[in-house]
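Remarks on the overall topology
Next come the chains, spelled out residue by residue.
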Amino acid sequence: MAGGLALLSSASASGLESVRCRLQGTPRPPAFSQDGDFVIGGVFSIHNYMHTVEHSYTSMPEPLQCTGSLDSRELRFSRAMVFAVEEINNSSDLLPGVTLGYQVHDSCTSVPMAVKVAFQLANGLDPMFDTGEQCSGSPTVTAIVGESGSTPTISMLRIIGPFGIPQVSHFSTCACLSDKKQYPTFFRTIPSDQFQAAALAHLIRHFGWTWIGAVRSDSDYGNNGMAAFLQAAQEEGICVDYSEAFSRTNPLSRVQRVADVIRSSTARVVVAFVSSWDMKILLREMERLPSPPRQWIGSESWVTDPDTLHFGLCAGAIGFGIQRSVIPGLRDFLLDLSPQKVSNSPLLTEFWEGAFGCRLGIGTSTGVGVEEKVCDDSEDIQQLQAPYTDTSQLRVTNMVYKAVYAIAHAIHSIVCEERENSSVNCDKNLNVKPTQVLERLRTVNFSRNGYQVSFDANGDPVATYELVNWQRRESGKMEFVTVGLYDGSLPPDQRLHIEREITWVKNSTQVPVSVCSESCPPGTRKAVQKGKPVCCYDCIQCAEGEISNNTDSLDCLICPEEYWPNAERDRCILKPVEFLSFHEVLGIILTACSVGGACLAIATATVFYRHRTSAIVRANNSELSFLLLFSLTLCFLCSLTFIGRPSEWSCMLRHTAFGITFVLCISCVLAKTIVVLMAFRATLPASNVMKWFGPPQQRLTVVSFTFVQALICTLWLVLSPPFPIKNLTTYKEKIILECDVGSAIGFWAVLGYIGLLSLLCFVLAFLARKLPDNFNEAKFITFSMLIFCAVWITFIPAYVSSPGKLTVAVEIFAIITSSFGLFFLLFVPKCFIILFRPEKNTKKHLMEKTSNDIRY
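Residues numbered from 1 in each chain as written. Predicted model: local features only at pLDDT ≥ 70, side-chain atom pairs only at ≥ 80, totals over all residues. Heavy atoms only, no water.

**What to know about the pairing of strand S16 (residues 318-322)**
Let me state the cut-off plainly: Burial here depends on accessible area, computed with a 1.4 Å probe over protein chains only, as a share of the maximum for the residue type. Under 20% is buried, over 50% is exposed, and the range in between is partly exposed. A run of H or I in DSSP counts as a helix once it spans at least four residues, and a run of E counts as a strand once it spans at least two, with each numbered from the N terminus. One requirement defines pairing of two strands: DSSP has to find at least two bridges between them.
For S16, a buried count of five out of five residues is recorded, marking the element as mostly surrounded by other parts of the structure. Note that strand S15 (residues 295-298) and S16 share two bridges and pair parallel. Among the inter-strand pairings, isoleucine 297 is bridged to a residue of S16, identified as isoleucine 318.

Here it is as structure tokens:
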């Protein structure tokens, strides 16, 4: 290493062994230097490459040299350091009577050169020195300002850190440098990338971009910054389509591959955590071939670099930059370049020749590719348009300025003391060690030009940024426009503040859209596509009974039990309530049939009453006939209790009324059947059976059978009565109001009892079907009971399988059908004879044997 020391022993006059230290390698002269009582080092990336030499290992290697183009912005940084030192030397408040010196070096943006400079600043430039005890001497500098890049800074800290020399960087933003265990001597006046990464993620989420691409420099700055950003982006729910790394030292094919990835990606927003030098190489490659428009999001390193403004494809780019500031007197200092001053500095000579395209007649130019024109003093730096002379966007420059002042305040607190008369006395002969400056830097807290300077426990300042937008003027020239602020010390929802309209890519005022999948509207949910990030999804409609009332819902919500989704499935609405109503068509038809049947029964009773003395009425047991008509009327009317909104009373009434009236009806038919059998048995010789089944016994039979049913119904109502329920299971989308039977045993006991009487009646009537005489009702009773039983046997499966209100309709249909069956077969033939065939309404006709009967 250039700063290495060789030890040579010799004997001193006192007899003690003396150690002579000799500097190894060729020292590199500083770009700018000045002696002083206390010297501050400065390291900047003024050139972008270091000359590469192949080593033969048979001879001394050539001295390291910078090459490539000169970065006039970095030159301005270095000159700002010189300006700050001279301003402090002329100050009567800060370090009065003390002269600060400086040594400013160019690191060529390379680690080897940065390490060489670090050794040189730590050891000094003396070719040899003696010490009576050990090979150690005080460092040349008390502190160092720099470096501009994070990787060279880390390399320097490995060298100077063990010696306790503090280093205050103006542009090294890698979050890794906040680790005090590894870098205890590091400070910076620019915020850490940890804050910038969080700010970028917050910005991207603010504008609704969830699908982005990412590129980074393959360096400590890019890799650590992008790692912090990706973590913050993941927390914000942002997906990254690709994350590519490259370096300006990579083969061109590598840069081309990164450019192709950007072109082919569906992500319209690209986050570039890239150094300024690397970004220029990438943008040149992007301009080589037609590229789709991309919205660029930049890190501080390049988004405020004036040298990148000529890339038109970045129009509309936004990113966070250090707050713009004003440094009084700096512009005049930068423009104060006399020919003598320029010719005395190889660096300024190179800048001058490159800026004006001419060669100074003095010495040999170090410019690369400049014309052979000789400068003739007509060059006017006042009119020069270059990053060096542009002081309208002093951002990082102010970080250099603040770094120098921070070191000066630390030295001031060591060598100066305030007297009683408020005067300040400074001892410039005091031996100040770098470790002392290091301790005082931790506690500095001052304000300069309205800007506060202090460091936290990690050596970082408060994170405040300006949101910078690349906007094109009417003249077509690009410029930086501050459109917002970001303050990392505020609560998360208050950190970002947009102050003015942003111009986006393609000079649009509409925020570009960059999503992998369009937002899922309410009524749908997101389903992640297999093998893709969570931002790539399909929109799946919510299942039955579920809704989503927000955009991009991850899950659908189940509606409450009595609610159902609307057609769009974005809200729950009350399920419609359904029951067999008097106002619907089916209800009206069944009501008409019920009332019509009751009216027919009443009309028949009226006819029978008016012809009660006629033979056919008297022959058919008029008392049982009237009771049967009454019960049929009740059977027709009891079906009305099944129509309408179910209530506790209607539920109890409908089943009990149905059960009792039908048993009354069947009991009457059964009594008539028994009367027919007894009547024909009574015609046999020596038969007196009619005296055992006269009218009292008939009435008792009807009452007894009906009483049993009434008892069953009473027990049913007392133990477990029917009650209204909301049926939510038959239909998902509506509520069926119906009556629960309460006790299934009670319900089927009522039906079973009716079925038992019907079966008994059918058997007796079947036995009496061939008895003689025209008034024999057994045939009609047989057929009526056959219809009755067929209807109710069919009713059972239909009742069980019918859904919703159709269950009630089936039961009503069975009641009306069976009632009409009894009515038509038992009474219509008699009414027809009474009204239309009165000649057959005689006792003689009724007592005649039919021809069919005679054969038997």
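**Focus on helix H3 (residues 150-160)**
In an α-helix, one turn spans 3.6 residues, which is why side chains three or four residues apart end up on the same side. Just so we agree on the cut-off: Every residue pair with non-hydrogen atoms within 4.5 Å of one another is taken to be in contact.
Among the eleven residues that make up H3, nine are buried, leaving the element largely enclosed by the rest of the structure. Of all the positions in H3, only Ser150, Pro152, Thr153, Ile154, Ser155, Met156, Leu157, Ile159 and Ile160 are classed as buried. Where H3 is buried, its residues contact strand S4 (38-44), helix H2 (111-123), strand S9 (143-145), strand S10 (167-169), strand S11 (186-188) and helix H5 (220-235).

**Comments concerning the sheet that holds strand S3 (residues 32-34)**
Put simply, the rule is: To obtain each axis, a line is fitted to C-alpha atoms, and for helices this fit is confined to the stretch in contact; angles are then taken between N-to-C directions over 0 to 180 degrees.
Read from one edge of the open sheet, six strands run S3-S7-S4-S9-S10-S11, paired in mixed fashion. The outermost strands of the open sheet, each flanked by one partner alone, are S3 and S11. Across the sheet, the mean angle separating the axes of adjacent strands is 25 degrees when strand polarity is ignored.

**Considering the nonpolar core**
For clarity, the cut-off: Throughout, nonpolar core names a set of buried Ala, Val, Leu, Ile, Met, Phe, Trp, Tyr and Cys residues whose side chains join them through atoms within 4.5 Å.
Ranked by size, the top nonpolar core spans 104 residues in total, and within it Leu95 and Phe229 carry the most contacts. Of all hydrophobic cores here, the second largest spans 65 residues; its members include Ile616, Cys635, Phe662 and Tyr753.

**Looking at the state of the cysteines**
Two cysteines whose sulfur atoms are joined by a covalent bond form what is called a disulfide. Rules: Defined by distance alone, a disulfide is two cysteine sulfur atoms within 2.5 Å.
All told, the structure shown has ten disulfides when counted by the stated rule. Here cysteine 520 connects covalently by a disulfide to cysteine 539, the sulfurs 2.0 Å from one another. Taking the torsion about the sulfur-sulfur bond, which here is approximately -95 degrees, the covalent link between cysteine 520 and cysteine 539 counts as left-handed. On the criterion of sequence distance, the pair formed by cysteine 520 in the loop between strand S23 (496-498) and strand S24 (524-528) and cysteine 539 in strand S25 (residues 537-541) is long-range, its members being 19 residues apart. In this structure cysteine 520 comes out as buried when scored by relative accessible area, which is 0%. Between the sulfur of cysteine 559 and that of cysteine 572 lies a disulfide, 2.0 Å long from S to S. Judged by the sign of its S-S torsion, about -90 degrees, the bond between cysteine 559 and cysteine 572 is left-handed. Highlighted residues: cysteine 559 in the loop between strand S27 (557-558) and strand S28 (563-565) and cysteine 572 in strand S29 (residues 572-574), separated in sequence by 13 residues. By relative accessible area, cysteine 559 is classed as buried at 8%. Owing to a relative accessible area of 24%, cysteine 572 belongs among the partly exposed residues under this scheme.

**Observations concerning the pairing of strand S13 (residues 239-246)**
Note the threshold: The handedness rule is simple: strands pointing away from the viewer, and a clockwise path from the first strand over the helix to the second, make the crossover right-handed.
The sheet contact formed by strand S12 (residues 211-217) and S13 spans seven bridges and is parallel. Opposite alanine 214, over in S13, you have serine 243 as the bridge partner. Note on the crossover from S12 through H5 to S13: the handedness is right-handed.

**Side note on the packing of helix H21 (residues 805-826) against helix H22 (residues 828-836)**
Packing of H21 against H22 leaves a shortest axis separation of 4 Å and a crossing angle of 35 degrees. Within the contact between the two elements, H21 uses Phe823, Phe824, Leu825 and Leu826 and H22 uses Val828, Pro829 and Lys830.

**Some remarks on unusual backbone geometry**
Of note, the amide linkage connecting glycine 146 to glutamate 147 takes the cis form, showing an omega dihedral of -5 degrees. Following the sequence through the fold, glutamate 147 ends up in the loop between S9 and H3. Its identity is not glycine, yet threonine 109 carries a phi of approximately 55 degrees, on the positive side. Here threonine 109 lies in the loop between strand S7 (100-106) and H2.

**Description of a nonpolar patch on the surface**
The condition is simple: Patch membership requires more than 30% relative accessible area and the absence of a salt bridge. Residues of like charge join within 9 Å; the nonpolar side chains Val, Leu, Ile, Met, Phe, Trp and Tyr join within 5 Å. The protein chains shown are the only cover counted for residues, whose accessible areas, like all others here, come from Shrake-Rupley with a 1.4 Å probe. Counted as salt bridges are all cases of a side-chain nitrogen of Lys or Arg within 4 Å of a carboxyl oxygen of Asp or Glu.
On the surface, Phe707, Val708, Leu711, Leu715, Val718 and Leu719 cluster together to form a nonpolar patch covering roughly 620 Å² of accessible area. Secondary-structure assignment places leucine 715 in helix H18 (residues 695-719).

**Regarding the UniProt feature "transmembrane region" (unreviewed entry) in the protein**
Short version of the rule: UniProt positions are given in the numbering used here, feature names are shortened, and annotations may be inferred rather than shown by experiment.
Under the feature "transmembrane region" (unreviewed entry), the UniProt entry names residues 585-609, 624-644, 656-680, 700-719, 745-768, 780-800 and 812-836. Regarding residues 780-800, the helix share stands at 100% and the strand share at 0%, and the terminal C-alpha atoms are separated by 31 Å. Counted over residues 812-836, helix gives 96% and strand 0%. Its end C-alpha atoms are 33 Å apart.

**Re the side chain of serine 155**
Considering the arrangement of structural elements, one finds serine 155 in helix H3. Excluding its chain neighbours within four sequence positions, the residues that come into contact with serine 155 are Val111 and Val115.

**With respect to the packing of H18 against helix H19 (residues 744-767)**
Put simply, the test is: When describing relative orientation, an angle under 35 degrees is termed roughly parallel and one over 145 degrees roughly antiparallel, while 65 to 115 degrees is termed roughly perpendicular and anything else oblique. When residues are sorted by character, Ala, Val, Leu, Ile, Met, Phe, Trp, Tyr, Cys and Pro go into the nonpolar class, Asp, Glu, Lys and Arg into the charged class, and all the rest, Gly among them, into the polar class.
Two elements in contact, H18 and H19, have axes separated by 9 Å at closest approach and are oriented at 170 degrees. With respect to each other, H18 and H19 are oriented roughly antiparallel. Only Gly746, Phe747, Ala749, Val750, Tyr753, Ile754 and Leu757 of H19 make contact with H18, whose side of the interface consists of Phe705, Val708, Gln709, Ile712, Cys713 and Trp716. Split into classes, the residues belonging to the contact of H18 with H19 amount to eleven nonpolar, two polar and no charged.

**Some details on the pattern of salt bridges**
Summed over the entire model, instances satisfying the criterion amount to 17 salt bridges. Measuring nitrogen to oxygen at the nearest pair gives 3.4 Å for the salt bridge that ties aspartate 307 to lysine 280. Taken together, the positions of aspartate 307 in the loop between helix H8 (300-303) and S16 and lysine 280 in helix H7 (residues 276-288) put the pair 27 residues apart, joining distant regions of the chain. Here arginine 288 makes a salt bridge to glutamate 285, at a shortest N to O gap of 2.8 Å. Highlighted residues: arginine 288 and glutamate 285, both in helix H7, separated by three residues, approximately one helical turn.

**Here's the deal with empty space enclosed by the protein**
Formally: Every definition here rests on a 1 Å grid over the protein atoms only: cavities are sets of points where a 1.4 Å probe fits but cannot get out, pockets are open sets enclosed by protein on both sides within 12 Å along at least five of seven lines, and lining residues have some atom within 4 Å of a point. Grid points are joined across faces, edges and corners, and a volume is the space filled by probe spheres set on the points.
Inspection of the entire model under this criterion finds four cavities of 30 Å³ or more. Taken as a whole, the largest cavity holds about 60 Å³ of empty space. Those elements giving two or more residues to the lining of the largest cavity turn out to be strand S32 (735-740) and H21. For the lining of the largest cavity, the element with the highest residue contribution is S32, accounting for three residues. A class-by-class count of the residues in the lining of the largest cavity yields seven nonpolar, two polar and three charged.

**Structural notes on the side chain of histidine 47**
Threshold: Here a polar contact is taken to be a pair of N or O atoms separated by no more than 3.5 Å, where protein atoms must pair a possible hydrogen donor with a possible acceptor and residues adjacent in sequence count only if both atoms sit in side chains.
Secondary-structure assignment places histidine 47 in strand S5 (residues 47-50). One polar contact links histidine 47 to aspartate 106, side chain to side chain, over a distance of 2.5 Å. In this structure, histidine 47 is in contact with Cys66, Thr67, Gly68, Ser69, Leu70, Asp106, Cys108, Thr109, Leu347 and Glu350, ignoring residues within four places of it in sequence.

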